[in-house]
Amino acid sequence: MFRHTPLRYATLILLFSGAVFQAFTGDYYGLEILSEILILAILVLALDLVAGFGGMISLCHGALMGAGAYGFALLATQAGLSPAVAIIVALILVGFIGCIIGAICARSHGIYFIMATLAFGQMGYSYVFDAPGFGGDDGLTGIPRPDMSALNIDLGDSQTFALYCLAALCAAYGLVVLFLNSGVGRSLVGVMHNEVRMRALGSEVWKIKAIAFGISGMIAGVAGILLAQHSMYVSPSIMNWTVSGEALVVVILGGLGTLVGPIVGAVVFVVLKHQVSALTSYWHLVVGCLLIAVVMSGSNGIFGWVETQWTRHLKQRQSPRLAPRSEPTSHQETVKDA
Amino acid sequence: MAPDFGFWTLQTLNALQLSMLMFLLSIGLTVIFGLMHFVNLAHGALYGIGAYVAATVAGVAGYWASFILAPLAVTAVGLVLYTGLIRRMRKSGPMAQVLVTFGLIFAFLDVTRIVWGDIPLALEVPDLLSGRTSLVGVEYPTYRLFIIILGLTVLAALALILNRTQIGAMIRAGVDNDAMASCLGINVEKLFFVVFCIGCGLAGLAGAVAAPVLSVTPDMGLHILVPTLIVIVIGGLGSLKGAIWGSLIFGFVQTFGAVLAPQLSSMLIYGLLAAVLVIRPEGLFPARG
Amino acid sequence: MLETTGISKSFGPIHVTRNVTLKLEKGERRVILGPNGAGKTTLFNLLAGVLRPDQGAIHLCGSDVTSLSVAQRAKRGLSRSYQKNTLFDGLSIRENLGLAASIHTGNAKSLWRDPLGRPEVRQIVEEVANLVNITDQLDNTVNAVSYGTRRQLEVGLALATRPSVLLMDEPTSGVGPEMSKAFHRMLNDLPRDLTLLIIEHDMDLAMDVADTITVLNYGEVVFDGLPEAAQGSELLKEIYLGNWENA
């Protein structure tokens, strides 16, 4: 079950302050990285929702993000809708697609589920690549940012855009927490722990999975829309399975099932990527080794490890006669057990 | 203008060639999955290494040397991989295996770039197999014909080994029920090791054989991964029959799809994969059940 | 209340359930006895909807539920506890019961309200915890409590959906005599309008709790009647202990 511990609150405050600080002191390059981190954070938040709290490891979230990006791009440029309306319609569309995928894959488990999402993601990728009007390999350009001049906000400015992304991340986070504590959200966690019992209690498991995947898809769609607005350009490469793979890597690196962990993971991943790429072009080697190290260490990512250490520290401080209160941790104690 | 008989023959041969290439690659992976329940995504990277080694060796010692040495080199890599990493991960859940081998793909991608650089390599078709052969009314590149024949030969050899030899029986027993096979006195660990190394060797062979036809790039292992997964999932995990049928289905759907319905063709194969995974996840001809 | 008419189930050549006809009245307490392999758990799987019978029909509270899914039957008042603990490990006992209760009250469908905060859910959680004697453990995680407590939670989960028919598969399996007696008392405390069908091996419990006894052997009903009649039955002795003459 998801709960905010003092450690999680502290980390969130730290992250938020860090983002605001960077927004107001960073140069152009710094602001671009900040936006990149924030957009990735929204994507991995969406993925952690279904993977960490629903046990549904997905390799199609990159494609869902791409669907949001392309949906917004087409609606705002070719269908002539205003960006605000385009955002809403694109989100509904992606949410719907997510629901369908979740429903179809509801009876699949384990490696078969992962591969089924991969298949759906690649279907989306090849569709976007080949279909007329989508721009093919060249992609689409001229994507507008919303016009908020009525509120005296200019989203064309890098700093304002970064803050806009931060607001979106906060909203997404709030939504996910609200959902996880709701009836459906708790049922999702129940399904992850024991699908058989949930059915026996009268729960329609496929509906829960479909709803969760729909909401997760919508949030991934938010990331996609921001991505499209940020670079004002989309290309099919954002829908390839390797993007979904990277999202999964970030979630694992940060800490599956903690919500805060993946956000930490996003920061570490983007910063590391830019630092390493400045020194060497062998970024993939670094990521690969890091991933292998995290998985083999048995810990649940960076934040998961911190949480375990913190809990251990707290238990040592407590009097041994008191019964230890069970600290909330993510369901998958280590990735190895997944 | 209606396509004539020659056109269809050409496409059929192309489909067969693609199928045989996929077969060489997928047979190793499917038996590893069926026998060891180990999801080895790095299999694609081994194929890439095979191609690179082949290109390098051929530059020095000619095509046929690389034909022998590349699979051996990749088998050696597989050996190291197994003892170093895979043996430890065997008892972990599928997620951990997916992630670790995923990490390996990334790592190998850059390792090949470090060793061989970023520029795509090329490998020349050997003189013996260059040019075209007249066959069933068409002129078909001899080298591609060679690929088809090689694939069929490997298929026949494996079928013989699996169905007619002691070790083949042990492998089939291990795929069916490894705990039971162990109780019967079969050294399942050793068997796994042998199968894993042979699987790696075949991946290396596939790379060496594909090199003259495709360009040798650092991300070729990544690109071939999803097609390989498609083949083994549709065909059915763990069986020779599954590997060959999956390869044929893939080869023909891809080739004819690209020709007849280019806009839909890529979606088609993924749609097929999704359908199999949802409706009949064990595939068409699984080793078990 | 719960009625099966001639249900049969085979797996290939093996007939696990043969032509079983049962009729339970509302509030009846029936114990199913039978040696291992007699098909008792399969019968439960058929009643619950995990398996579909090859022949025959199942009626719950008068309506035909033979083609309904597990979840659909559960929603109509059929509940089940398992021989092997099927709990939400990693969650607290309160959350376990809360899940079951929220599904029953419909709060599980909410997209924004926390069911554990709802009074109707809390009431059920408290009542059930009281009934199965785990009130002092509510905030502990399932992983951290004893096997006996988990067994009690197992039944608690089934009760939290306020069923009209409860199938209990060997509820005292693996628990010691003290706990067994506690279970005994708990069963007698259950609402009298709750129909119970219990698979049991504990004869004392069976004889004490049951209004009627059904005995299964090789998938068929070989005895159906009062506990007193079962106790004296030569047939039953033979089924359980074997035939000494033929040994």
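Residues numbered from 1 in each chain as written. Chains lettered and ligands numbered in written order. Predicted model: local features only at pLDDT ≥ 70, side-chain atom pairs only at ≥ 80, totals over all residues.

Observations concerning the overall build of chain C
Part 1 of the argument: When its secondary structure is counted, chain C shows nine helices and 10 strands.
Part 2 of the argument: Here the C-alpha atoms of chain C give a radius of gyration of 19 Å, agreeing with the 18 Å that 2.2 N^0.38 yields for 247 residues.
Part 3 of the argument: Counting only C-alpha atoms, chain C reaches 65 × 40 × 30 Å along its principal axes.
Part 4 of the argument: Looking at chain C as a whole, 43% of its 247 residues are labelled buried.
Part 5 of the argument: Considering only intrachain contacts with a sequence separation of at least 6, the fraction spanning at least 24 residues in chain C is 65%. (Helix = DSSP H or I, 4+ residues; strand = E, 2+ residues; numbered from the N terminus. Rg over C-alpha atoms; globule rule 2.2 N^0.38 Å. Buried ≥ 20, exposed ≤ 12 C-beta atoms within 10 Å, placed from the backbone. Contact = placed C-beta atoms within 7 Å.)

Details of the overall build of chain A
Part 1 of the argument: On a plain count of helices and strands, chain A comes out with 13 helices and two strands.
Part 2 of the argument: Contacts in chain A between residues at least 24 apart in sequence constitute 78% of all its contacts with a sequence separation of at least 6.

Observations regarding the sheet that holds strand E9 (residues 212-217) of chain C
Residues and elements named next belong to chain C.
Part 1 of the argument: In spatial order, the strands read E6-E7-E8-E3-E9-E10; together these six strands make up an open sheet with mixed pairing. Edge positions in the sheet fall to strand E6 (78-81) and strand E10 (220-225), since each of these pairs with one other strand and no more. Each adjacent strand pair in this sheet contributes to an overall mean axis angle of 20 degrees, direction not counted.
Part 2 of the argument: When strand E7 (residues 165-169) meets strand E8 (residues 195-199), the two strands line up parallel, connected through five bridges. Paired with Val165 across the strands is Thr195, a residue of E8.
Part 3 of the argument: Against the sheet, helix H1 (residues 40-48) touches strand E3 (29-33), E6, E7, E8 and E9, its axis set at about 150 degrees to E7.
Part 4 of the argument: Helix-sheet contacts for helix H5 (residues 147-159) involve E6 and E7, and the interaxial angle to E6 is about 170 degrees. (Pairing = 2+ DSSP bridges. Axes fitted to C-alpha atoms, helices over the stretch in contact; angles between N-to-C directions.)

Digging into the sheet that holds strand E1 (residues 2-11) of chain C
Residue and element names in this part refer to chain C.
Part 1 of the argument: Pairing in this open sheet of four strands is antiparallel, and the strands run E2-E1-E4-E5 from one edge to the other. If you trace the sheet from one side to the other, it starts and ends with strand E2 (14-24) and strand E5 (63-64), each paired once.
Part 2 of the argument: Two strands pair when backbone bridges link them, and E1 and E2 are joined in this way by seven bridges, in the antiparallel orientation. Bridged to Thr4 within E2 is Leu22.
Part 3 of the argument: Helix-sheet contacts for H1 involve E1, E2 and strand E4 (55-60), and the interaxial angle to E2 is about 65 degrees.

Observations concerning the domain arrangement of chain C
Many analyses report the size of an interface as the accessible area lost when the parts associate.
All names here are of chain C.
Part 1 of the argument: Split into domains, chain C comes out as domain 1 (1-77 + 164-247) and domain 2 (87-162).
Part 2 of the argument: Inter-centroid distance (C-alpha atoms) of domain 1 to domain 2 is 26 Å.
Part 3 of the argument: Facing the 10 residues of domain 1 at the interface are nine residues of domain 2.
Part 4 of the argument: Among the secondary structure elements, those contributing two or more residues to the side of domain 1 that touches domain 2 are E7 and helix H6 (177-189).
Part 5 of the argument: Along the lines of polarity and charge, the residues of the side of domain 1 that touches domain 2 split into eight nonpolar, one polar and one charged. (Domains from an automatic or database assignment. Nonpolar A, V, L, I, M, F, W, Y, C, P; charged D, E, K, R; others polar.)

Some points on the interface of chain B and chain A
Part 1 of the argument: Each partner contributes to the interface: chain B provides 32 residues, whereas chain A provides 35 residues.
Part 2 of the argument: A per-element tally of the side of chain B that touches chain A places helix H4 (residues 94-116) of chain B first, with 16 residues.
Part 3 of the argument: Considered class by class, the residues forming the side of chain B that touches chain A number 24 nonpolar, six polar and two charged.

Some details on the packing of helix H3 (residues 61-77) of chain A against helix H9 (residues 205-231) of chain A
All names here are of chain A.
Part 1 of the argument: Orientation of H3 relative to H9, taken along the N-to-C sense of each, is 55 degrees, at an axis distance of 7 Å. With respect to H9, the element H3 is oriented oblique. The way H3 lies across H9 gives a crossing that is right-handed. Side by side, H3 and H9 meet where His61, Leu64, Met65, Gly66, Ala67, Gly68, Ala69, Phe72 and Ala73 of the first sit next to Gly217, Ala220, Gly221, Val222, Ala223, Gly224, Ile225, Leu227 and Ala228 of the second.
Part 2 of the argument: Taken together, the residues of the contact of H3 with H9 break down into 12 nonpolar, six polar and no charged. (Parallel < 35°, antiparallel > 145°, perpendicular 65-115°, else oblique. Left-handed = near helix turned anticlockwise from the far one by under 90°.)

Examining the interface of chain C and chain A
Part 1 of the argument: The partner chain A presents 22 residues to the 32 residues of chain C that form the contact.
Part 2 of the argument: Sorting the residues of the side of chain C that touches chain A by element identifies helix H2 (70-75) and helix H3 (93-105) of chain C as the ones contributing at least two each.
Part 3 of the argument: In terms of residue count, the dominant contributor to the side of chain C that touches chain A is H3 of chain C (five residues).
Part 4 of the argument: Residue composition of the side of chain C that touches chain A, by class: 16 nonpolar, nine polar and seven charged.

A closer look at the confidence of the model for chain C
Residue and element names in this part refer to chain C.
Part 1 of the argument: Summarising the model, chain C shows a mean pLDDT of 86, and 96% of its residues fall at 70 or more.
Part 2 of the argument: Across chain C, element-level confidence peaks in H3 with a mean pLDDT of 94 and bottoms out in helix H9 (residues 234-241) with 70.
Part 3 of the argument: This prediction of the complex comes with two scores: 0.89 for pTM and 0.90 for ipTM. (pLDDT = per-residue confidence, 0-100.)

Digging into unusual backbone geometry
All names here are of chain C.
Part 1 of the argument: Despite not being glycine, Cys61 has its phi angle at roughly 50 degrees, a positive value.
Part 2 of the argument: For Cys61, the position within the fold is in the loop between E4 and E5.
Part 3 of the argument: On the basis of neighbour counts, which here come to 15 C-beta atoms within 10 Å, the residue Cys61 falls in the partly exposed class.
Part 4 of the argument: At Tyr218, a residue that is not glycine, the phi angle is positive and equals roughly 50 degrees.
Part 5 of the argument: One can find Tyr218 in the loop between E9 and E10.
Part 6 of the argument: C-beta crowding within 10 Å serves as the criterion here: with 15 such atoms nearby, Tyr218 is assigned to the partly exposed category.

Let's talk about the arrangement of the chains
Part 1 of the argument: Among two pairs of chains with at least one contact, chains A and B form the most extensive contact set.
Part 2 of the argument: Spatially, chain B is disjoint from chain C: no contact exists, and the shortest C-alpha separation is 14 Å.

Concerning the nonpolar core
Part 1 of the argument: Grouped together as the largest cluster of nonpolar side chains are 285 residues, with contacts concentrated most on Ile42, Leu43 and Leu45 of chain A.
Part 2 of the argument: At 17 residues, helix H2 (residues 28-54) of chain A tops the list of elements feeding residues into this core.
Part 3 of the argument: Both of domain 1 (1-77 + 164-247) and domain 2 (87-162) of chain C provide at least three residues apiece to this core.
Part 4 of the argument: Excluding its chain neighbours within four sequence positions, the residues that come into contact with Leu43 of chain A are His61, Met65, Ala220, Ala223 and Ala247 of chain A. (Core = buried A, V, L, I, M, F, W, Y, C linked by C-beta atoms within 7 Å.)

Here's the deal with the confidence of the model for chain A
Residue and element names in this part refer to chain A.
Part 1 of the argument: For chain A, mean pLDDT is 89; residues scoring 70 or higher make up 94% of the total.
Part 2 of the argument: Considering only residues more than four positions removed or in separate chains, one finds that residues 325-329, a stretch of pLDDT under 50, has nine contacts.
Part 3 of the argument: Between residues 332-338, whose pLDDT stays under 50, and residues either more than four places distant or in other chains, the model counts 24 contacts.

Points about helix H3 (residues 63-89) of chain B
Part 1 of the argument: With 27 residues, H3 of chain B extends 36 Å between its outermost C-alpha atoms, agreeing within 8% with the 39 Å of an ideal straight helix rising 1.5 Å per residue.
Part 2 of the argument: In H3 of chain B, a bend of some 50 degrees at Tyr82 of chain B exceeds every other bend along the element. (Expected span 1.5 Å × (residues − 1). Bend = angle between axes of the 7 residues up to and from the residue.)

Focus on the pairing of E3 of chain C
Residues and elements named next belong to chain C.
Part 1 of the argument: Buried residues dominate E3, accounting for four of its five residues.
Part 2 of the argument: Here E3 runs beside E8; their pairing, made up of four bridges, is parallel. Bridge pairing in E8 places Ile32 opposite Ile199.
Part 3 of the argument: In this structure, E3 lies alongside E9, joined through four bridges in parallel fashion. Bridge pairing in E9 links Arg30 to Thr212.

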